[in-house]
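Each chain, written out:
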Amino acid sequence: MYQALYRKWRPATFADVVGQKHITDTLRAQLTAGHLSHAYLFTGTRGTGKTTCAKILARAVNCTSPKNGDPCGECAACRGIADGSILDVVEIDAASNNGVDNIRDIRDETRYTPATVSKRVYIIDEVHMLSQGAFNALLKTLEEPPSHVLFILATTEINKVPATILSRCQRFDFRRIAPRDIQRRLQEIAEAERIPLTDSGAAMIARMADGALRDALSLLDRTAAGAAGEIDEETVASSVGILAGDSAIDLMRSLLDNDLSAAIAMLGESYTAGRELGAVLDQLLGLIRDMLLVQTGRGDVSGMLSPAYAPKTVQQLAAEVPASRLIAYAGILQETLTRMPHAANRRIEAELCMVRLCQLQADDYDTLSGRIDALEEQVKRGVKVVAVAPPGKAASDDEDRPPLPDEMDAPPEDETASGPPTRRKQAGQAGAPRKLESGPQWMKVVQEVRGKIPMSTYAQLTFVKGVFHENTLLLICDDGFTCELCSKNEVRSAIAETAQAVTGRQLRVTVMEESQVSELSTKANPIDQIIKRAEELDIQCEVKD
């Protein structure tokens, strides 16, 4: 009968345990010196060797010919414990034996000496599943067991084990196994089993195992069963349902280039190939993690990168994008992965995620510096400066065209005075709201100020309306973010200096949001009212040469 690889290759000695040298060396030293504790607690994530080490320890304490703390594997005790014929070594699953009665049975059995070996050993797996009453029943026996009894507790959730239990045990924390150690072990087993596993295939399995050697062996078993030839990266990716390393890199490049059609096409290919879209997005999240490590890590971080990607390739990708954008990507991916299990259509959910990644908004960035980085990227790609003409009217129409500085500075004419009909009409309609639009002189100021202020601020300035009134230049911003950028002292100074060079007059710069302007737009003289209101709110930004 076929036996799963993780069962067939379960370590028989402490020397065979992978990635837990800090624990195996201590246990062997205690066994050699005869300084064993009466109770041990093994904790750590799944597949890291907790139950394996418990079984090795059970054999080692009863072995008649131990070798440097390791069980010999040849004596009657070692063979009997291994095949389960010796009933003095008991392995209990606390998930299904978690009641008070089960623990009372153990407590009663501890009174009797073992029949065939020197110590009676109780291995309680997933001990955190015991009920509170069961823990209480175990306390006294665990604290002072008979000399012929050894307790070994194992758990993946140490936070659920009561402190009274923890204080009565020697605790050993099992670490996640490093990918390189998993890869090395996989290649040893594949060679012994005559499985054609390539280095790239072993590296991908090691990365997907997430520090659990048992999971890695299960993946190898699964992939080898359906593989017709060599088990390389592509074979593993197809078997598990994720993207190969090159495909993940290509998908990331399409996102960095804002190529939505290419990203959607790659996602569609993955869906057609039967890959789990959630796993694809999770893989993309792992690549972003590697890129952030390369960008922000000090020194050589190649040892911390996923083995599925070449460090040089990750470095080239990371050099093309600021860290703030990667963090925004990660936030969107995590939100999508949270929603995906409950989504009615996972493909649409994943495609909407691609849309958000290719069209980042200011709200997707969690810091002001991140938004500035995004604006600088937009500037690098080119930002057009367009003068917006008033809708529905010709530029020569005096009634609705943008107010020019010479006209706004001119004193108002008397309604009864003779003059051009247009002038008299404007004077007679002083109470009507005037639409504020940028004039040609403001467009010239925008063009001239380029290079004097940060490019990120300049990109936003191209969308700001500038209106001249007497000795004031009023900047009307669409949102608070733009208003904050334009309100900086160095920015206002540069704008005032440039405006003076264009108009030949000293001007003060006032910055307001459009929402504040709209509140005053129905009043008789909107510009005067706006400036007055700004001064009352203490938001006037004045710059004098």
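To keep things clear, this report deals only with the structure shown in the data block. (Residues numbered from 1 in each chain as written. Predicted model: local features only at pLDDT ≥ 70, side-chain atom pairs only at ≥ 80, totals over all residues. Heavy atoms only, no water.)

Quick notes on the sheet that holds strand S3 (residues 120–125)
What links the strands of a sheet is backbone hydrogen bonding, and the strands pair in either a parallel or an antiparallel sense. Read across the sheet, five strands follow the order S2-S3-S4-S1-S5 without closing on themselves; strand pairing throughout is parallel. Looking at the sheet topology across the chains shown, the edges are occupied by strand S2 (89–93) and strand S5 (170–174). Averaged over neighbouring strand pairs, the angle between their axes works out to 15 degrees when direction is ignored. Judged from the five bridges that link them, S2 and S3 form a sheet pairing that is parallel. Paired with Val89 across the two strands is Val121, which belongs to S3. (Pairing = 2+ DSSP bridges. Helix = DSSP H or I, 4+ residues; strand = E, 2+ residues; numbered from the N terminus. Axes fitted to C-alpha atoms, helices over the stretch in contact; angles between N-to-C directions.)

Some thoughts on unusual backbone geometry
Its identity is not glycine, yet Asn68 carries a phi of approximately 55 degrees, on the positive side. Looking at the secondary structure, you find Asn68 in the loop between helix H3 (50–62) and helix H4 (76–83). Judged by relative accessible area, Asn68 falls into the exposed class, the value being 67%. Within the chain, Asn258 stands out as a residue other than glycine whose phi angle is a positive 55 degrees. (Buried < 20%, exposed > 50% of the residue type's maximum accessible area, 1.4 Å probe, protein only.)

A short note on the nonpolar core
Met252, Met291, Tyr329, Met354 and Leu357 are the most contacted members of the largest nonpolar core, which has 35 residues in total. Elements supplying a minimum of two residues to this core: helix H12 (245–256), helix H13 (260–272), helix H14 (277–296), helix H15 (311–318), helix H16 (323–339) and helix H17 (346–358). Once residues within four sequence positions are removed from consideration, Met354 is found in contact with Leu251, Leu255, Leu260, Ala263, Ile264, Leu267, Leu281 and Leu284. (Core = buried A, V, L, I, M, F, W, Y, C linked by side-chain atoms within 4.5 Å. Contact = heavy atoms within 4.5 Å.)

Observations concerning the sheet that holds strand S8 (residues 508–513)
Spatially, S6-S7-S8 is the arrangement adopted by the three strands of the open sheet, whose pairing is mixed. Edge positions in the sheet fall to strand S6 (465–469) and S8, since each of these pairs with one other strand and no more. Each neighbouring strand pair of the sheet contributes to a mean axis angle of 25 degrees, computed without reference to strand direction. By the bridge criterion, six bridges tie strand S7 (residues 472–477) to S8 in an arrangement that is parallel. When the bridges of S8 are listed, Leu475 appears paired with Val511.

Digging into the pairing of strand S4 (residues 149–155)
Burial runs high along S4: seven of the seven residues are buried. Burial along S4 is two-sided: the face carrying Val149, Phe151, Leu153 and Thr155 and the face carrying Leu150, Ile152 and Ala154 are both buried. Where strand S1 (residues 39–44) lies against S4, five bridges are found, and the strand directions are parallel. Paired with Thr43 across the two strands is Thr155, which belongs to S4. Two elements, S3 and S4, share five bridges in a ladder whose sense is parallel. Within the sheet, the bridge partner assigned to Ile124 lies in S4 and is Leu153. In terms of handedness, the path from S3 via helix H6 (residues 132–143) over to S4 forms a crossover that is right-handed. (Right-handed = clockwise from strand over helix to strand, strands pointing away.)

A look at the packing of aromatic side chains
Applying the stated criterion across every chain, the model contains five aromatic pairs. Measuring from centroid to centroid gives 6.4 Å for Tyr40 and Phe42, while their planes differ by 50 degrees, and the two rings are tilted. The same class applies to Tyr40 and to Phe42, which are both buried. Both rings, one in Tyr122 and one in Phe151, keep their centres 5.6 Å apart while their planes meet at 20 degrees; by these two values the pair is stacked. With Tyr122 in strand S3 and Phe151 in strand S4, the pair connects residues that are 29 residues apart, well separated along the chain. Under the relative-accessibility criterion, Tyr122 is labelled buried at 0%. One aromatic cluster is present, formed by Tyr40, Phe42, Phe172 and Phe174 through successive ring pairs. (Phe/Tyr/Trp six-rings, centres within 6.5 Å; stacked < 30°, edge-to-face > 60°.)

Some thoughts on H4
Among the residues making up H4, those that are buried are Ala77, Cys78, Gly80 and Ile81. Tucked into the core, H4 has its buried residues touching H3 and S2.

Let's talk about helix H8 (residues 179–193)
Its 15 residues place the ends of H8 21 Å apart at the C-alpha level, agreeing with the 21 Å of an ideal helix rising 1.5 Å per residue. Of all the residues in H8, the buried ones are Asp181, Ile182, Gln183, Arg185, Leu186, Ile189 and Ala190. On its buried face, H8 sits against helix H9 (199–208) and helix H10 (213–226). At the exit of H8 stands Arg194, carrying a positive phi of roughly 60 degrees. (Expected span 1.5 Å × (residues − 1).)

Just geometry here; none of it tells us what the structure is for.
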